[in-house]
Amino acid sequence: MKKYILLAFAILFVGIYLFPLYWMYVTGLKAGSEIFRFPPTFWPQTLHFNVVDIWVRLRMDRFLTNSLIIALGATAIIVAVGTGCAYALARVRSIWMDVALFATLMMQVLPSSLMITPIFVSFNMVGLLEYPRLAVVLAQAAKLLPLYIVLCRTAFMQVPRELEEAALVDGNSRMGAFFQIAVPLARNGILVTSVLVFLQSFGEYVYSRSLIGERALQPATVGLQSFMGPNTSDWSGVMTYSAIYVTPILIVFVLLQRRIVSGLTAGALK
Amino acid sequence: MTSMAQIELEHVDKHYGQFHALKDINLTIPKGSFVALVGPSGCGKSTLLRSLAGLESISGGTMKIAGERMNGVPPRRRDVAMVFQSYALYPHMTVRENLTYSMRLNRRPKEECEKAAKDVAAITGLDELLDRYPRQLSGGQRQRVAMGRAIIRDPKAFLFDEPLSNLDAALRVHMRKEIRSLHDRLRATSVYVTHDQVEAMTMADHVVVLRDGIIEQQGAPLELYDHPANRFVAGFIGSPAMNFIDAAVSETGDAIVLEGLDAVLPIDRRLQPGRQVKAGLRPEHLRLGAPENSSIRLEIAVVEFTGAASYLSSATDPELTIFHAGRVEVKSGEVVGVSIAPELVHLFDPVTEERILAQSGSE
Amino acid sequence: MAHFWSSIRDSRGFDALLVWLALGYLTVFSAFPLVYNFVISLQTVDLFSLASFDRPFVGLENYREVLSDPVAGTVLWNTIRFVVLSVVFQLLIGFGLALFFQQDFPGSSYLRGLFLAGWIMPALVVGAVWSWILAGDFGVLNYVLRSFGLIDENIFWLSDHQVSLYSVIIANIWLGVPFNMILLSVGLASIPQDLYEAAELDGAGAWQRFYTITLPLMRAPLGAVVSLGIIFTLQQFDLFAALTQGGPSNASNVAQYWSWQLSFQTYQISRGSVVSVLMIVFVIGVAAIYTRSTRYEQNY
């Protein structure tokens, strides 16, 4: 019995916590006039679907395409450059590897909003701002690469070293053992971490806002910010926009929830 | 056994920073022999084995396999096979894929791999399990896959790194015999690392005892048991362990006086009277008898029965352990007589801990 | 050359290559801007001198100007309040939820995982949703508070200069709770159950078990959560952009947002970099303490 009381409380807590998400969807479904009713209605009296209208009017296809390009580009760089580094940092114990790991951990904490000033100035000087989306991809990859390395490293540390040694004795080279033994066995961690990095980049804002001036190249976050403007009154539209934007993210999250939790906690929680 | 050397180590040294893991190791392993490297943990036996595999690089000396110098040669070019303590089976491959991994790396034709897998499965009793994954196998079956993966290679040498330590006691005894009979059939050179002296004694043709990176003694198993070169080997080989007692050579020079026990034991050689020695008495060499007819009289503190044998511990300082096959009618607190044949008394120098050879050359 | 390739295929060269690939990237795109940031902060950089390599060197003049700016004091005080309040409440709520979900009931780990939905959302969208919840006339939060009788009149969360900072703090606590809870759950899960059983046999009640076993053994995870909380809170930018833009009149402005405003809205780039340099030094200091204190306790 006690278990079910606890369960009821747990559902209550989750409900309270996730209320903002609920409110986003409900507001998106309300008609313009119902929004400004006080007290507010907790379930829309008349359903009002403005998904298509918002999608077309705001050219969301363009925004989301740009978000996707930035997220895919950053994730590709990070996976290509970071996986091997995570592996080496997990395998080799030496003073130099400790230094490299420490440097990585330090670069993990640099806030984007503080790094953007020197990045903007230096990118401007070498002409990278001519390709603003590429500039965002490069900067964002540098921002999340350390996090990817640290999380992937724990995934590689869970692969027994003896398996690779067996592969070496069986006739493989270091490189072969890395690709045929270490990577396949750590693929769960690599996959989850890549998804996390992808989702983070999909919602990137600071770099895009600062480096991309041309509206047609901006991602969905910047689009949302300019849609909101300083004094918006179209909250139904803003919430619809938000819902369109985050629903794919939430679907990925629900599908991978267990793996994400265990990837973040190095398997300590499921 | 052919006398051709398959593995030769000359003055091999290994340092890890300040730590000197292997010190001037000289070892020759004849083709087709079964050699056990044994010693307490941290003695360097695993480091030596891993150096043979090429998983560790040596800091000095030369290492040859089948006459070829191996210093700096990567593992994949050494043509040795290794069985790991954890078996190191690739969890994402089936038994068949595990067995044929090395052949596939060498791009051997599919039919050849399949035939080899079948043959090895027959030898190791894995016929029914070829399509299983390692996680679906029992401990003993995993052990066999690890063996099979080595056998399929037909390598220049087999290296075993404590392969039985993850098995329960009964299975361990069984696999011990199985590995040995496999070796007798294949006649491949094998190097076997273990911390269990019983495994080393029962399986190997040649036992190498290591401590702190030094070879303390090497030889045939019974040679080590009968003539341990020093106190460490004497204490390490044999179970239960040898009793050590401080003693002095008697005035006549042909007996020793055991300190703390007030007993005189005749010895089979002549030593300088008054010399301090360390006497080594194996528990199984001590014979129980009536107190008045025996050279040592002891009060017994604890008697343990295993059914087949009895273990008696004395109440004296130093304590003596006595092994008696069968049962004894001795109770705690009783005084018993113990004697030992003169030729079975081992003597060591108390300072150098080396075996004391007879001055007359009778040994 | 042959030796080089064999080293990469078979030995240490392989590890070195992999590490240098990533470190090289980070050197170009993280470490270099870090150093360059410091250089800019010693120069006069504005829209005119932006593209030129030869910018006037002014020494610590920019630092003097920034620190004597009256806004600096407000921003500093806001930043301290933002960090302290965010971290404290994230920790309290996160720890409470972690303890709650540590109990054994059906679906506990699944429901706990659902909290991460908040953490995974783009912070800008979270800001948009909260700015609607916090809206003055029609916001649902005001309605809830009024129906519980906690307030008589609507609070204008985003435009009242006395509360605008707290509205960002509320949204930031919401964002940070899941991460705190998950990390603390890991710590709780690693406390062996038999310790509690032993304490119970020794006669310790529930509160005594919490004070004598849970809290002392949770010191390392709690320290980690506080350090990471400070680091993440100082990274928070998107919520400010979506909720208050630092306003009204800097009432909710914090250092990381101010730095960006100086560089990208008033184009006083050298001043922006001064704020950035000072904050980065602080963040790296916190991170270094955290890393050193945890390196012997966890596997990374």
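Bear in mind that the values here come from a model prediction, so they are computed numbers and not experimental data.

Asks: Could you clarify how one ought to interpret the overall build of chain B in this entry?
Replies: Helix and strand counts for chain B come out as eight helices and 20 strands. Considering only C-alpha atoms, chain B reaches an extent of 80 × 45 × 40 Å along its principal axes. A buried classification covers 40% of the 363 residues belonging to chain B. By sequence separation, contacts in chain B at least 24 residues apart represent 63% of the contacts at least 6 residues apart.

Asks: Explain the environment of Leu60(C) here, please?
Replies: As for its placement among the helices and strands, Leu60(C) is situated in the loop between helix H2 (12-41) and helix H3 (61-68). Each C-alpha atom, one on Leu60(C) and one on Val274(C), is 9.4 Å from the other, the two residues being 214 residues apart in sequence.

Asks: In this structure, what is going on with the pairing of strand E12 (residues 255-258) of chain B? I would like to understand it.
Replies: Across a regular strand the side chains alternate sides, sitting on one face of the sheet and then on the other. All names here are of chain B. Only one face of E12 is buried: it carries Ile 256 and Leu 258, and the other face, with Ala 255 and Val 257, is open. The sheet contact formed by strand E11 (residues 243-249) and E12 spans three bridges and is antiparallel. Looking at E12, one finds that Val 249 is bridged to Ile 256. Sheet topology places E12 next to strand E13 (residues 263-266); four bridges connect them, and they run antiparallel. Looking at the pairing, Ala 255 lines up with Pro 266 of E13. Connecting E12 to the antiparallel partner E13 that follows it, the hairpin turn spans four residues, and Gly 260 within it adopts a positive phi of roughly 80°.

Asks: Any chance you could explain the domain arrangement of chain B here in plain terms?
Replies: The parts lose accessible area when they come together, and the size of an interface is often stated as this lost area. Residues and elements named next belong to chain B. Here the domain parsing of chain B yields domain 1 (5-236) and domain 2 (243-348). Just the C-alpha atoms count here: the centres of domain 1 and domain 2 sit 39 Å apart. Contact residues are listed per partner, giving four residues for domain 1 and five residues for domain 2. For the side of domain 1 that touches domain 2, the per-class residue count stands at two nonpolar, one polar and one charged.

Asks: Help me out: how do you make sense of the confidence of the model for chain C in this one?
Replies: The predicted structure's coordinates, where accompanied by low pLDDT, should not be read in detail. All names here are of chain C. Scored by pLDDT, chain C comes out at a mean of 87, with 94% of its residues at no less than 70. Helix H1 (residues 2-10) is the least confidently modelled element of chain C, averaging 66 in pLDDT, while helix H4 (residues 70-102) averages 93, the highest of any element. Throughout residues 296-300 the model reports pLDDT below 50, and contacts reaching past four residues in sequence, or to other chains, amount to six contacts. ipTM for the predicted complex: 0.89, alongside a pTM of 0.86.

Asks: Looking at this structure, I do not really get the sheet that holds strand E20 (residues 346-348) of chain B. What am I missing?
Replies: One key point about sheets: their strands pair by backbone hydrogen bonds, in either a parallel or an antiparallel sense. Residue and element names in this part refer to chain B. Taken in spatial order, the five strands of this open sheet run E13-E12-E11-E14-E20, and their pairing is antiparallel. Each edge of the sheet is formed by a strand with only one pairing partner; in this case those strands are E13 and E20. Along the sheet, successive strands turn relative to each other by an average axial angle of 40°, direction set aside.

Asks: What is the right way to look at unusual backbone geometry in this model?
Replies: Negative phi characterises most residues that are not glycine, and trans characterises most peptide bonds. Residues and elements named next belong to chain B. Along the chain, Ser 239 connects to Pro 240 via a cis peptide bond; the corresponding omega equals -5°. With respect to the helices and strands, the residue Pro 240 is situated in the loop between helix H8 (231-236) and E11. Note that the residue after Asp 317, namely Pro 318, is joined by a cis bond; omega there is 0°. Relative to the assigned elements, Pro 318 resides in the loop between strand E17 (309-314) and strand E18 (321-325). In this model, Arg 187 sits at a positive phi of 55°, which is unusual for a non-glycine residue.

Basis of the calculations
- Residues numbered from 1 in each chain as written.
- Chains lettered and ligands numbered in written order.
- Predicted model: local features only at pLDDT ≥ 70, side-chain atom pairs only at ≥ 80, totals over all residues.
- Helix = DSSP H or I, 4+ residues; strand = E, 2+ residues; numbered from the N terminus.
- Buried ≥ 20, exposed ≤ 12 C-beta atoms within 10 Å, placed from the backbone.
- Contact = placed C-beta atoms within 7 Å.
- Pairing = 2+ DSSP bridges.
- Domains from an automatic or database assignment.
- Nonpolar A, V, L, I, M, F, W, Y, C, P; charged D, E, K, R; others polar.
- pLDDT = per-residue confidence, 0-100.
- Axes fitted to C-alpha atoms, helices over the stretch in contact; angles between N-to-C directions.

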